[in-house]
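Chain and residue survey
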Amino acid sequence: MVTGVHDSFISSKWGVHVQPFSSVELSPHLVIGMPALSPTMTQGNIAKWKKKEGDKIEVGDILCEIETDKATLEFESLEEGFLAKILAPEGSKNVPVGQPIAITVEDAGDIQNVSASFVGDLDVKEDKDAKNDDRVKEISSMINTSQLPPHLVIQMPSLSPTMEQGCITHWRVKEGDKVEMGDVLCEIETDKATVEFEILEEGYVAKILVPEGFKDVAVGQPIAVIVEDADNIETVKSSVSGGMQIKGEKSPHHDSKVESTDQQSIITRISPAAKLLISEHDLDTSSLRASGPHGTLLKSDVLAAIKSGQVSSEKYSSKETRSPSLQEGKRPSKADLPKSKSHLQQSDSFEDLPNTQIRKVIARRLLESKQTIPHLYFSTDVVVDPLLSFRKELKDKHDIKVSVNDIVIKAVAVALRNVPEANAYWNDEKGEVILCDSVDISIAVATEKGLLTPIVRNADQKSITAISLEVKQLAEKARSGKLAPNEYQGGTFSISNLGMYPVDHFAAIINPPQAGILAVGRGNKVVEPLIGSDGIERPAIVNKMCLTLSADHCVFDGKVGGAFLSALRSNFSDIQRLLLL
């Protein structure tokens, strides 16, 4: 990385064109980002600005009108100051939430300094792929290619359709090693599994740009440099100074960053919003740290301190100090009681658990599923005595061990084949239901890194013993992080079984782009009337299991859901018939 280029990359990562500051230093300012005005909002359009550059802003003033995914709403300012620069002009469309739209300053005299530092408006990218391509070009430009011999920049690959970023868990090679086509360069933790990354070229590893342990490395971001001739390795090392700085949880410059933070923590100024919070919570400013320019204490600094519980209150810092109402013997008011959030959190103990890449993606995709897919639920109880008897018979007479889940997979697969409308998915682009050609069942497997869904393909055409063997192999691969992409991509229906836990019934979340998932509860003994061979109804004990289908209402209506559960109940009532299918 060329010295001095990284700073310009940070300044322009949102598309804001910034001139080199040289002697012009940006005054204390606040960058206003596109707000999330609804729970489902991911981007918005600037319909109209109610303020113009240079206008004074008070707390509660309307800055602009923003068109969201729900309506056109007014965006109020939470700070006071002066509008120094509008970065997203009226008519800007598809501005992502969090992207800067304006800059405000506290003093009117600082407006010209801010305006002089910016030579253009915010470049709003409507095409996400184009924005990612531009970012990759900017990162790649950090390497001084003019001084490099013939080389190849290796980028973070996309190892699954949903992968946006990954983590280098282990490098199989080191700088200076010779690599052949097909050699494994490194192991990458994706949103699905830990996958080996093979190189398609031969040469020598001249520089590793991303060390082991870095997280959230974007797809397309450079991770290594390969050269053809071993004599060129030292040339590359000298040209690429210090390696790539990547945003992640593990930072090689952590110590220096802490030192700079300590130097900037001296409070010289306090923003109006920060003053209001300090007053409301009776905080001691000596326990706060300023992160703003020139030692300015910002509203975010106070909120972060309150959330962490690392602040002290002036009002209750001394045991000898009591509120006036207590000194006079009066009943204390609610405001007199030390029940602020900061006090409560000081006594709480907690531990931050870092999330794996898989869990992050699971959280995001399941949230998207609940927000974008209209979930429709069907539930039924099935008698599992025939299933248990059949399983026992296989073990006693044929020494074949299969699990209840193996038989459930076969029963579900046959039901999907008999009701092809349930083995389908919704195509947003065409606006229609697409029927799947094969029955591929995704099985939920719990691992230390998160929930994975390996696939039993053509499950309706396989025997129960073949399904049992394949499930064991896939589950072992999933837990060891060795699933190949073709083993977890492309299922048509999912099954989540919690029958091994004291869970009677539950509703699972659909795994898009699939349209259905079956939640299987535990079996319970119940008493219900049964008609004997003599025609007399008598109470009997039977084992029942609750099945809950979560379905995409775009694909499933009541008829399709009912037909699928009817076919499934029929398979459970005559379980031995599955051997013939």
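Throughout this document, residue positions are counted from 1 along each chain, in the order its sequence is written. Only residues with pLDDT of at least 70 are given local features in this predicted model, and only at 80 or more are side-chain atom pairs given and counted; all residues enter the totals for whole chains, interfaces and linings. The side-chain numbers reported here are obtained from all heavy atoms of the structure, hydrogens and water having been left aside.

The test is simple: UniProt positions are given in the numbering used here, feature names are shortened, and annotations may be inferred rather than shown by experiment.
In the nomenclature of an unreviewed UniProt entry, the protein chain is known as Dihydrolipoamide acetyltransferase component of pyruvate dehydrogenase complex of Rhizophora mucronata. Quoted verbatim from the Cofactor (unreviewed entry) field of the UniProt record, the comment on the protein chain reads "(R)-lipoate". For the protein chain, the Sequence similarities (unreviewed entry) comment in UniProt is given as "Belongs to the 2-oxoacid dehydrogenase family."

1. Things to note about the overall build of the protein chain
Stated formally: We count a stretch as a helix when DSSP gives it H or I for four or more residues in a row; a strand needs E for two or more, and each element gets its number in order from the N terminus. Residue burial is assigned from relative accessible area. The probe radius is 1.4 Å, only protein chains are included, and a residue is buried under 20% of its type maximum, exposed over 50%, and partly exposed in between. Contacts are assigned to residue pairs that have any heavy atoms within 4.5 Å of one another. Only the protein chains shown count as cover for residues, and the accessible areas themselves come from Shrake-Rupley with a 1.4 Å probe.
For the protein chain, the helix and strand inventory stands at 14 helices and 28 strands. Looking at the protein chain as a whole, 42% of its 581 residues qualify as buried. Sequence separation of at least 24 residues holds for 66% of the intrachain contacts in the protein chain that already meet a minimum separation of 6. Within the structure as shown, the protein chain displays about 31200 Å² of accessible surface, and the carbon and sulfur contribution to it stands at 51%.

2. Observations regarding unusual backbone geometry
Look at the link from Pro-512 to Pro-513: it is a cis peptide, with omega at 10°. Inspection of the secondary structure assignment puts Pro-513 in the loop between strand S26 (493-497) and strand S27 (516-531). Within the chain, Asn-94 stands out as a residue other than glycine whose phi angle is a positive 55°.

3. Some points on the sheet that holds strand S2 (residues 43-49)
Within a beta sheet, neighbouring strands are joined by backbone hydrogen bonds and run either parallel or antiparallel to one another. To be explicit about the condition: Strand pairing is assigned whenever DSSP identifies at least 2 bridges connecting the two strands.
Strand order in this open sheet of four strands is S5-S4-S2-S7, and the pairing throughout is antiparallel. Two strands in the sheet have a free side with no partner beyond their single neighbour: strand S5 (72-76) and strand S7 (95-96). Of the strand pairs in this sheet, strand S4 (residues 62-67) and S5 are connected by five bridges, and their pairing is antiparallel. Note that in S5 the partner of Ile-66 across the bridge is Leu-73.

4. Here's the deal with the sheet that holds strand S9 (residues 151-155)
Read from one edge of the open sheet, four strands run S9-S16-S14-S11, paired in antiparallel fashion. Every interior strand has two partners, whereas the edge strands, S9 and strand S11 (178-179), have only one. Where S9 and strand S16 (residues 222-227) come together, five bridges link them in antiparallel fashion. Bridging across to S16, Val-153 finds its partner in Val-225.

5. Topic: the packing of aromatic side chains
This is how the line gets drawn: Between 30 and 60 degrees the pair is tilted, below 30 it is stacked and above 60 it is edge-to-face, where a pair is any two Phe, Tyr or Trp rings, Trp via its six-membered ring, whose centres lie within 6.5 Å.
Counted under the stated rule, the structure contains one aromatic pair. Residues Phe-493 and Phe-564 carry aromatic rings whose centres are separated by 5.6 Å and whose planes lie at 50° to one another, so their mutual orientation is tilted. Taken together, the residues Phe-493 in strand S26 and Phe-564 in helix H14 (residues 558-573) connect sequence positions 71 residues apart.

6. Some words on the layout of surface pockets
Put simply, the test is: Here a cavity means grid points, on a 1 Å grid over the protein atoms only, where a 1.4 Å probe fits yet cannot get out; a pocket means an open set of points with protein on both sides within 12 Å along at least five of seven lines; lining residues are those with an atom within 4 Å of a point. Grid points are joined across faces, edges and corners, and a volume is the space filled by probe spheres set on the points. Residues are grouped as follows: nonpolar covers Ala, Val, Leu, Ile, Met, Phe, Trp, Tyr, Cys and Pro; charged covers Asp, Glu, Lys and Arg; every other residue, Gly included, is treated as polar. Start and end points for every domain follow an automatic or database-based domain assignment.
Looking at the second largest pocket, its volume works out to about 910 Å³. For the lining of the second largest pocket, the secondary-structure elements that each account for two or more residues are helix H10 (357-372) and strand S20 (424-427). Residue contributions to the lining of the second largest pocket peak at five residues, all from H10. By residue class, the composition of the lining of the second largest pocket is 13 nonpolar, 11 polar and seven charged. Two domains share the lining of the second largest pocket, each providing at least three of its residues, namely domain 2 (151-239) and domain 3 (357-578).

7. A few points about the nonpolar core
Put simply, the rule reads: Working definition of a nonpolar core: buried Ala, Val, Leu, Ile, Met, Phe, Trp, Tyr and Cys residues. They are joined through side-chain atoms within 4.5 Å.
Judged by nonpolar contacts, the single largest core of 84 residues is most densely connected at Leu-185, Ile-223, Val-412, Ile-441, Phe-564, Leu-568 and Phe-572. Residue contributions to this core reach at least three from each of two domains, namely domain 2 (151-239) and domain 3 (357-578). Contact partners of Ile-223, with chain neighbours within four places excluded, come to Ile-154, Gln-155, Met-156, Ile-168, Trp-171, Phe-197, Ile-208, Leu-209, Val-210 and Val-217. In terms of nonpolar packing, the next biggest core, distinct from the first, is built from 16 residues, Met-41, Ile-46, Trp-49 and Leu-83 among them.

8. Observations regarding a negative patch on the surface
Quick note on the threshold: Here a patch means residues that are over 30% exposed by relative accessible area and free of salt bridges, tied together within 9 Å if like-charged and within 5 Å if nonpolar (Val, Leu, Ile, Met, Phe, Trp, Tyr). A side-chain nitrogen of Lys or Arg and a carboxyl oxygen of Asp or Glu constitute a salt bridge if their distance falls within 4 Å. Two residue types count as positive, namely Lys and Arg, and two as negative, namely Asp and Glu; His and chain ends fall outside the count. Charge positions come from single atoms, namely NZ of Lys, CZ of Arg, CG of Asp or CD of Glu.
A cluster of acidic residues, Glu-201, Glu-202, Glu-228, Asp-229 and Asp-231, forms a negative patch at the surface. You can see Asp-229 is positioned in the loop between S16 and helix H4 (233-239). Its relative accessible area of 37% is what places Asp-229 among the partly exposed residues.

9. A few points about helix H7 (residues 299-308)
Note the cut-off: Note: the arc covers the axis-to-C-beta directions of the helix.
The complete set of buried residues in H7 reads Asp-301, Val-302, Ala-305 and Ile-306. One face of H7 carries all of its buried residues, which in axial projection span an arc of 130°.

10. Some remarks on the confidence of the model for the protein chain
Just so we agree on the cut-off: pLDDT is defined as a per-residue confidence score from the predictor, taking values between 0 and 100.
Summing up the model confidence of the protein chain, the mean pLDDT is 77 and the portion of residues at 70 or higher is 76%. Taken element by element, the predicted model of the protein chain shows its lowest mean pLDDT in helix H1 (residues 5-11) (32) and its highest in S26 (95). Every residue in residues 242-264 is under pLDDT 50, and counting partners more than four places away or in other chains gives 28 contacts.

11. Describing the side chain of Asp-440
Within the secondary structure layout, Asp-440 lies in the loop between strand S21 (432-435) and strand S22 (441-443). For Asp-440, a relative accessible area of 5% puts it in the buried group. Apart from residues no more than four positions distant in its own chain, Asp-440 is found in contact with Ile-455, Val-456, Arg-457, Asn-458, Gly-490, Gly-491, Thr-492 and Phe-493.

12. Side note on the pairing of S20
Judged from the four bridges that link them, S20 and S21 form a sheet pairing that is antiparallel. What sits directly across from Ala-424, in S21, is Leu-435. Joining the antiparallel neighbours S20 and S21 is a turn of four residues, in which Gly-431 adopts a positive phi near 70°.

13. Section: the environment of Arg-289
Tracing the chain through its elements places Arg-289 in the loop between helix H6 (272-281) and strand S18 (296-297). You can call Arg-289 partly exposed: its relative accessible area is 49%. Residues Arg-289 and Ala-304, spaced 15 residues apart in sequence, show a C-alpha to C-alpha distance of 9.7 Å.

14. Some points on the environment of Gln-489
Along the chain, Gln-489 turns up in the loop between helix H13 (464-480) and S26. Considering only alpha carbons, one finds Gln-489 and Thr-453, 36 residues apart in sequence, at a separation of 8.6 Å.

15. Here's the deal with the packing of helix H12 (residues 404-418) against H13
Rules: Fitting a line to C-alpha atoms yields each axis, with helices limited to the stretch in contact; the angle taken between N-to-C directions then spans 0 to 180 degrees. Left-handed describes a crossing whose near helix is turned anticlockwise from the far helix through less than a right angle; right-handed describes the clockwise counterpart.
Here H12 crosses H13 at 120°, and the two axes come no closer than 9 Å. The hand of the H12/H13 crossing is right-handed. Across the interface between the two elements, Asp-406, Ile-407, Ile-409 and Lys-410 of H12 pack against Ile-464, Ile-467, Ser-468, Val-471 and Lys-472 of H13. Split by residue class, the contact of H12 with H13 holds five nonpolar, one polar and three charged.

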